[in-house]
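Take a look at the letters that make up each chain.
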Amino acid sequence: MQLLKTNSFLTPLLLSLAASIFLVKAASVMASESIGGTSNGCLLNAASLPLTGNAHQVMNASRQRFYGHEQMIGLIKTAADFIEHNKLGVMLVGDIAAKNGGPMLDNHKSHQNGLDADIFLMMPDQAFVSDEDPTPEATTVIDFEKNRIDSRYWSDRQSKLLKFFASDPVVDRIFVNAAIKKTLCEAHGDKKWLAKIRPWREHTEHFHVRLKCPSDSPDCVSQAALPEKDGCDDEMLSYWLAENINPTISEQVAEPELVKPLRCQAQ
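Residues numbered from 1 in each chain as written. Predicted model: local features only at pLDDT ≥ 70, side-chain atom pairs only at ≥ 80, totals over all residues. Heavy atoms only, no water.

**Examining the overall build of the chain**
The secondary structure content of the chain amounts to six helices and twelve strands. Taken across its 267 residues, the chain has 43% of its residues classed as buried. Across the chain, the fraction of contacts at a sequence separation of at least 24, relative to all contacts at a separation of at least 6, is 74%. Accessible area of the chain: about 15100 Å², with a carbon and sulfur share of 56%. (Helix = DSSP H or I, 4+ residues; strand = E, 2+ residues; numbered from the N terminus. Buried < 20%, exposed > 50% of the residue type's maximum accessible area, 1.4 Å probe, protein only. Contact = heavy atoms within 4.5 Å. Areas by Shrake-Rupley, 256 points an atom, 1.4 Å probe, with all protein chains shown as cover.)

The following block contains the structure:
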């Protein structure tokens, strides 16, 4: 009889303990969710990119910007596998997102919902070896006097990596300097994948990968769809090539302060 009472007393505690363990495990495997847009959003249940891998290395890791939607983290790992298989050196990864997304403390307006990633255009043969956080000086690949790529810092490595990212269906667009877009247009007969390569201001030292809204993120806000044309002869490319020579033509207008999505306000 005493044993029965003891068991009756312990049963609720055991059930409570089991429920707590289940909830902890469930939370640890919950899917990532991107909320809002890339410039006004947040990130739930972020995945993190290991600081080093088979062919990638996170730069400026002390800034804690190596989190992203699990789809982005998976894509970067797959890109590292591609680089290793093709012996293209090491991919240096810059900002992805903070652990909970949202705005960063510097002038990075995007990277808020875990669907953006900056990839250095510099692709060394080996990873940096240091006791400190790797913070290499980024190298521009643009020769501004000629408004073209500087061949000293460009090779098939960058072209192959850009094509790899652009060919993945989860990628929405990739921002590069206009001189890079122009070079790719001139070098490739098959230009279909170049529709995702979008000229933009700066981006002389890195390119910026942006994913489409994942199906598991109903509150994610997509950008307008890209035109189907490859963009090698359109006015936007000419405009941003002119921007390289005269940066004042695209002076940024101050944007109104945006209201954070409701689900992000609690963070």
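**A closer look at the environment of Ala187**
Structurally, Ala187 can be placed in helix 4 (residues 178-187). With 28 residues separating them along the chain, Ala187 and Ser159 place their C-alpha atoms 9.4 Å apart.

**Focus on the packing of helix 4 against helix 5 (residues 235-245)**
Where helix 4 meets helix 5, the axes come as close as 8 Å, and the angle between the chain directions of the two elements is 130°. Taken together, helix 4 and helix 5 sit at an angle that is classed as oblique. Where helix 4 approaches helix 5, its residues Ala178, Ala179, Lys181 and Lys182 are matched on the opposing element by Leu237, Trp240, Leu241 and Asn244. Residues that form the contact of helix 4 with helix 5 fall into these classes: five nonpolar, one polar and two charged. (Axes fitted to C-alpha atoms, helices over the stretch in contact; angles between N-to-C directions. Parallel < 35°, antiparallel > 145°, perpendicular 65-115°, else oblique. Nonpolar A, V, L, I, M, F, W, Y, C, P; charged D, E, K, R; others polar.)

**Concerning the side chain of Asn40**
Here Asn40 lies in strand 2 (residues 40-44). There is a polar contact of 3.0 Å between the side chain of Asn40 and the backbone oxygen of Val259. Residue contacts for Asn40: discarding those within four places in its chain leaves Ile35, Gln112, Leu258, Val259, Lys260 and Pro261. (Polar contact = N/O pair within 3.5 Å; in protein donor to acceptor, adjacent residues only side chain to side chain.)

**With respect to the pairing of strand 11 (residues 197-200)**
Look at any regular strand and the pattern is simple: side chains alternate between the two faces of the sheet. As paired elements, strand 10 (residues 171-177) and strand 11 share four bridges and run parallel to each other. Bridge pairing links Phe175 to Arg198 in strand 11. What joins strand 10 to strand 11 is helix 4, and the crossover it makes is right-handed. (Pairing = 2+ DSSP bridges. Right-handed = clockwise from strand over helix to strand, strands pointing away.)

**Looking at the nonpolar core**
Ranked by internal contacts, the top residues of the largest apolar core, which has 46 residues, are Met91, Leu162, Phe165, Ile174, Ile180 and Phe207. When residues of this core are traced back to their parent elements, those giving at least two are helix 2 (70-85), strand 6 (91-93), strand 7 (116-120), helix 3 (156-166), strand 10, helix 4 and strand 12 (206-211). For this core, the leading source of residues is helix 2, giving seven residues. Apart from residues lying up to four places away in sequence, Ile180 is in contact with Leu121, Val141, Ile142, Ile149, Trp154, Leu162 and His203. (Core = buried A, V, L, I, M, F, W, Y, C linked by side-chain atoms within 4.5 Å.)

**Re helix 2**
Between the first and last C-alpha of helix 2 there are 23 Å, a value that for 16 residues agrees with the 22 Å anticipated at 1.5 Å per step. Along helix 2, the residues that are buried comprise Met72, Ile73, Leu75, Ile76, Ala79, Ala80 and Ile83. Along the long axis of helix 2, the arc covered by the buried residues comes to 160°, so they all point the same way. Of the residues one or two after helix 2, Lys87 is the one with positive phi, at around 55°. (Expected span 1.5 Å × (residues − 1). Arc of directions from axis to C-beta.)

**Here we look at helix 5**
Restricting attention to buried positions, one finds in helix 5 the residues Leu237, Trp240, Leu241, Glu243 and Asn244. The buried residues of helix 5 occupy one face: seen down the axis, they fall within an arc of 150°. Exposed residues lying more than 90 degrees from the buried face of helix 5 are Glu235 and Ile245. Where helix 5 is buried, its residues meet strand 10, helix 4 and strand 11.

**Looking at the state of the cysteines**
Scanning all chains against the criterion turns up three disulfides. Through a disulfide, Cys185 is tied to Cys232; the S-S separation comes to 2.0 Å. In this structure, the disulfide formed by Cys185 and Cys232 twists by about -85° around the S-S bond and is classed as left-handed. Of this pair, Cys185 sits in helix 4 while Cys232 sits in the loop between strand 12 and helix 5, and the two are 47 residues apart along the sequence. (Disulfide = S-S within 2.5 Å.)

**Focus: the packing of helix 2 against helix 3**
Where helix 2 meets helix 3, the closest approach of the two axes is 11 Å, and the angle between their N-to-C directions is 140°. One element, helix 2, and the other, helix 3, form an angle in the oblique class. For the crossing formed where helix 2 meets helix 3, the hand is right-handed. Within the contact between the two elements, helix 2 uses Leu75, Thr78, Ala79, Phe82 and Ile83 and helix 3 uses Lys160, Leu161, Phe164 and Phe165. Across the contact of helix 2 with helix 3, the residue classes break down as seven nonpolar, one polar and one charged. (Left-handed = near helix turned anticlockwise from the far one by under 90°.)

Everything listed is a geometric property; what it means functionally is a separate question.
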